[in-house]
Amino acid sequence: KINSISHAIMIIGMVNIKAIIYHEGILQVLNEQSFRNNPTMKTVWQHANYTSLYASYLHYLFGDLNMGTLFTLGLLHDIGKFIMVRQQPVAPQDAGSAGAYAADWTIGEEERIYGINHALVGQMALQNWGLSPLIIKTVALHHSPNSHGAGKLDLDQEVEHYLLVLFLADQAARIFAGRGEADIRVDRLQPSYQAMIDRQKLSQLLLDKSLLGQLREAEAITNVYA
């Protein structure tokens, strides 16, 4: 039994408290009661939790990034998916037998079926809600390191670093969520970014026992409240 906020923080941890607060905020702006009855929304939210944790840890790859900003980017990077799952497809005959949005659709599949993709929808939503230009731009471009080389997006170095960390965190979160599955849909990083990454440090961060413990804790807690 939890008797106080300080007791809750001690048991659940500040990271999970933040995630729950964001979760409640998203439910309010989307006018949703719960993600519990929508498996797609629950899947997207759990992926967002994993991504936020990976992004927080990967801030150590660069010295100029804010851990809290990366945590926020991780939670909000797929916000467009929460909106798209509530919309009717432009081409419903292509949406599969269930006719419903799938959390693992590629950008190309979204554009073919809905006429728009979740990154652009997320950009418009975050602009409407008044978030910072850095968050808006990074969310809008979070799949771009798969298709655009380093220096090709006309970004300043700080934004490019945030974008690269978010991209890596997004892919790591997909792999963590799909562990045990033979086929996981992962975007490959453009080779031109390789020189920007300390691969040894990246490997150490991804395998950090503290990170893995927080991921498993977030997994358990999300299954309770999402």
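These lines cover the structure that appears in this document, whether it is placed above or below. The shown structure was predicted, so the numbers you read here are calculated from the model rather than taken from an experiment.

Calculation rules
Residues numbered from 1 in each chain as written. Predicted model: local features only at pLDDT ≥ 70, side-chain atom pairs only at ≥ 80, totals over all residues. Heavy atoms only, no water. Helix = DSSP H or I, 4+ residues; strand = E, 2+ residues; numbered from the N terminus. Rg over C-alpha atoms; globule rule 2.2 N^0.38 Å. Buried < 20%, exposed > 50% of the residue type's maximum accessible area, 1.4 Å probe, protein only. Core = buried A, V, L, I, M, F, W, Y, C linked by side-chain atoms within 4.5 Å. Arc of directions from axis to C-beta. Contact = heavy atoms within 4.5 Å. Phe/Tyr/Trp six-rings, centres within 6.5 Å; stacked < 30°, edge-to-face > 60°. Lys NZ or Arg CZ within 6 Å of the ring centre and 35° of its normal. Salt bridge = Lys/Arg side-chain N within 4 Å of Asp/Glu carboxyl O. Axes fitted to C-alpha atoms, helices over the stretch in contact; angles between N-to-C directions. Parallel < 35°, antiparallel > 145°, perpendicular 65-115°, else oblique. Left-handed = near helix turned anticlockwise from the far one by under 90°. Nonpolar A, V, L, I, M, F, W, Y, C, P; charged D, E, K, R; others polar.

Things to note about the overall build of the chain
Scanning the chain for helices and strands turns up 11 helices and zero strands. When the helices and strands of the chain are listed from N to C terminus, the series reads α-α-α-α-α-α-α-α-α-α-α. For the chain, whose C-alpha radius of gyration is 17 Å, the value lies close to the compact-globule estimate of 17 Å for 226 residues. The C-alpha extent of the chain, read off along each of the three principal axes, is 50 × 50 × 40 Å. Counting all 226 residues of the chain, 46% fall into the buried class.

Things to note about the nonpolar core
Judged by nonpolar contacts, the single largest core of 64 residues is most densely connected at Ile-26, Trp-45, Tyr-54, Leu-58, Leu-73, Phe-82 and Leu-168. Sorting elements by how many residues they give to this core places helix H9 (residues 157–177) first, with 12 residues.

Here's the deal with helix H7 (residues 118–128)
Here H7 has its buried residues at His-118, Ala-119, Val-121, Gly-122, Ala-125 and Leu-126. Down the axis, H7 shows its buried residues gathered within 155 degrees of arc, on one side only. Considering only its buried residues, H7 is in contact with helix H4 (67–76), helix H5 (79–84), helix H6 (107–114) and helix H8 (133–140). Once H7 ends, the next one or two residues include Gly-130, with phi positive near 80 degrees.

Quick look at the environment of Lys-152
Within the secondary structure layout, Lys-152 lies in the loop between H8 and H9. In sequence terms Lys-152 and Ala-220 are 68 residues apart; their C-alpha atoms lie 40 Å from each other.

A short note on the packing of aromatic side chains
Between two aromatic rings, the relevant description is the distance of the centres plus the angle of the planes. In the structure shown here, the tally under the stated rule is seven aromatic pairs. The rings of Phe-35, Trp-45 and Phe-82 are connected pair by pair, giving a single aromatic cluster. Directly above the ring of Phe-71 sits Lys-18, whose terminal nitrogen or CZ lies 5.6 Å from the centroid.

Regarding the pattern of salt bridges
Counted by the stated rule, this structure contains five salt bridges. We note a salt bridge from Glu-109 to Arg-185, for which the minimum N-O separation is 3.2 Å. On the criterion of sequence distance, the pair formed by Glu-109 in helix H6 and Arg-185 in the loop between H9 and helix H10 (199–206) is long-range, its members being 76 residues apart. Salt-bridge contacts for Arg-174 lead to Asp-187; the nearest nitrogen and oxygen are separated by 3.4 Å. Taken together, the residues span a long stretch of sequence, with Arg-174 in helix H9 and Asp-187 in the loop between H9 and H10 at a distance of 13 residues.

Notes on the packing of helix H3 (residues 39–58) against helix H11 (residues 209–225)
One way to put it is that H3 packs onto H11 with a least axis distance of 10 Å and a crossing angle of 155 degrees. If you check the angle between H3 and H11, you find them roughly antiparallel. Handedness of the H3/H11 crossing: right-handed. Residue-level contacts link Lys-42, Trp-45, Gln-46, Asn-49, Tyr-50, Leu-53, Tyr-54 and Tyr-57 of H3 to Ser-210, Leu-211, Gln-214, Leu-215, Ala-218, Glu-219, Thr-222, Asn-223 and Tyr-225 of H11. For the contact of H3 with H11, the class distribution of residues is nine nonpolar, six polar and two charged.

Describing the packing of H7 against H8
Between H7 and H8, whose axes approach to 8 Å, the crossing angle comes to 165 degrees. Judged by the angle between their axes, H7 and H8 are roughly antiparallel. As for how H7 packs across H8, the hand of that crossing is right-handed. Facing Ala-119, Gly-122, Gln-123, Leu-126 and Gln-127 of H7, the residues of H8 in contact are Ile-135, Ile-136, Val-139 and Ala-140. Along the lines of polarity and charge, the residues of the contact of H7 with H8 split into six nonpolar, three polar and no charged.

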